[in-house]
Every structure is written in C-alpha cells, then in structure tokens.
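In case you want the letters, here they are:
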Amino acid sequence: MRFRQKEFNESLKQEIHRKEMELTRYVESWLPRFQGLFLQEYKVLDAGIEKDGIDPFHPGYSSSLVVSICDDHGELIDLHNIPIWTCERLFLGLPVTQNLPGSRLVGDLLDENLQDIQQELQAYIEDFIDL
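Rules of the game
- Residues numbered from 1 in each chain as written.
- Predicted model: local features only at pLDDT ≥ 70, side-chain atom pairs only at ≥ 80, totals over all residues.
- Heavy atoms only, no water.
- Helix = DSSP H or I, 4+ residues; strand = E, 2+ residues; numbered from the N terminus.
- Buried < 20%, exposed > 50% of the residue type's maximum accessible area, 1.4 Å probe, protein only.
- Contact = heavy atoms within 4.5 Å.
- Areas by Shrake-Rupley, 256 points an atom, 1.4 Å probe, with all protein chains shown as cover.
- Core = buried A, V, L, I, M, F, W, Y, C linked by side-chain atoms within 4.5 Å.
- Pairing = 2+ DSSP bridges.
- Salt bridge = Lys/Arg side-chain N within 4 Å of Asp/Glu carboxyl O.

Draft legend 1. Main features of the overall build of the protein. Across its full length, the protein holds two helices and six strands. In sequence order, the protein lays out its α and β elements as β-α-β-β-β-β-β-α. Summarising its shape, the C-alpha atoms of the protein cover approximately 55 × 30 × 20 Å along the three principal directions. In the protein, which comprises 131 residues, the proportion classed as buried is 35%. By sequence separation, contacts in the protein at least 24 residues apart represent 57% of the contacts at least 6 residues apart. Roughly 8,100 Å² of accessible area belongs to the protein as shown, and the carbon and sulfur atoms make up 51% of that amount.

In structure tokens:
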C-alpha cells in the first residue's frame, strides 16, 4: 500500500511499528522449529528484521523480513526478502536523494496479513527441505 507524505501520521507510524514487532515475534517463534532441519543437511537458516534508518517518515528508512540460507562454510545459498516499510523521495517517479523542487515523499507498507506471510515462508522453507 502506497502512502503520500500528507497521509503520514501517528496512526500510520504505529501500524508500521506494529507490523515490525508482529513479524519479529513470529520469526522468533518460527525460526527454532526449522533450524534443526537445516543443520541436518549442513545448511544454516537465519531470519530477522532488518532496519535502515531511525524515523519511518524520513527518506532512506526501510524495514524488511530477511531469511537467509547458508552452507556449512557460511556461503550464502539463498536470500528471501519481504519488505515491510520503505520511505523514499520521488521526482517524476524516480527515487532521488536530494529534496528537489517538485519531488514528493512516499512510503510503501506491506499489505499482506500475518497468515499470508506464514504461508509464504512455509512454502519457501519446504522448497529447500525437499531439495
């Protein structure tokens, strides 16, 4: 779901933090169940919430759920990224770093619910377990 700067408010900020916390709790409960299966195949499974920036309403802030699978030597085999929130400045539809006249601030929020994300992660993990 895309939001423009004039729609940025405290309730949206709370929704962003709520989704980040909800996914953090889910990953903390979900990860230990599957790590043992990956260790049997000499693979390492890791997941967590990655955040860049401090304020969700400043350009450059982004948060996402990242799941990584590495081999026993630490080499990355696969990476799965689910963006939660991204805030950026656009000028003529292109991301820019400077506040140019006519540029606007927009944010994209994950619009999937927790059940959809659970199913997506379950399918992703099952693909690697079957290999």
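Once you've had a look at it, read on.
Draft legend 2. How the structure looks around the nonpolar core. Of all hydrophobic cores here, the largest spans 20 residues; its most connected members are Trp30, Leu45, Val67, Ile117, Leu121 and Ile125. Take this core: its biggest share by element is seven residues, from helix α1 (residues 10–40). Beyond its immediate sequence surroundings of up to four residues, Leu45 is in contact with Leu31, Phe34, Gln35, Phe38, Val67, Ser68, Ile69 and Ile125. Formed by ten residues, the second largest nonpolar core is a distinct cluster that contains Phe8, Leu12, Ile16 and Trp85.

Draft legend 3. Representation of the environment of Gly48. By the element assignment, Gly48 lies in strand β2 (residues 43–52). Not counting chain neighbours up to four residues away, the residues in contact with Gly48 comprise Val27, Ser64, Leu65 and Val66.

Draft legend 4. Examining unusual backbone geometry more closely. Unusually for a residue other than glycine, Leu92 sits at a positive phi of about 55°. Mapped onto the elements of the fold, Leu92 is located in the loop between β4 (76–91) and β5 (94–96). Take Leu92: its relative accessible area is 74%, and that puts it in the exposed class.

Draft legend 5. Up close: the pairing of strand β6 (residues 104–109). Note that strand β1 (residues 2–4) and β6 share three bridges and pair antiparallel. Among the inter-strand pairings, Arg2 is bridged to a residue of β6, identified as Asp108. Across six bridges, β4 lies against β6 in antiparallel orientation. The partner of Trp85 across the bridge, within β6, is Leu109.

Draft legend 6. Region of interest: the pattern of salt bridges. Across all of its chains, the model carries six salt bridges by this definition. Its salt-bridge partner being Glu15, residue Arg18 comes within 2.6 Å of it at the nearest N-O pair. A residue pair is termed a helical-turn pair when its members lie 3 or 4 positions apart in one helix, as Arg18 and Glu15 do in helix α1 at three residues. On the basis of relative accessible area, Arg18 is assigned to the partly exposed category, the value being 39%. On the basis of relative accessibility, which here comes to 27%, the residue Glu15 falls in the partly exposed class. Taking the shortest distance from any N to any O, the salt bridge between Glu20 and Lys51 comes out at 3.2 Å. Taken as a pair, Glu20 in helix α1 and Lys51 in strand β2 lie far apart in primary sequence, 31 residues in all. Assessed through its relative accessible area of 1%, Glu20 is described here as buried.

Remember that the coordinates give geometry; whether it matters functionally is a separate question.
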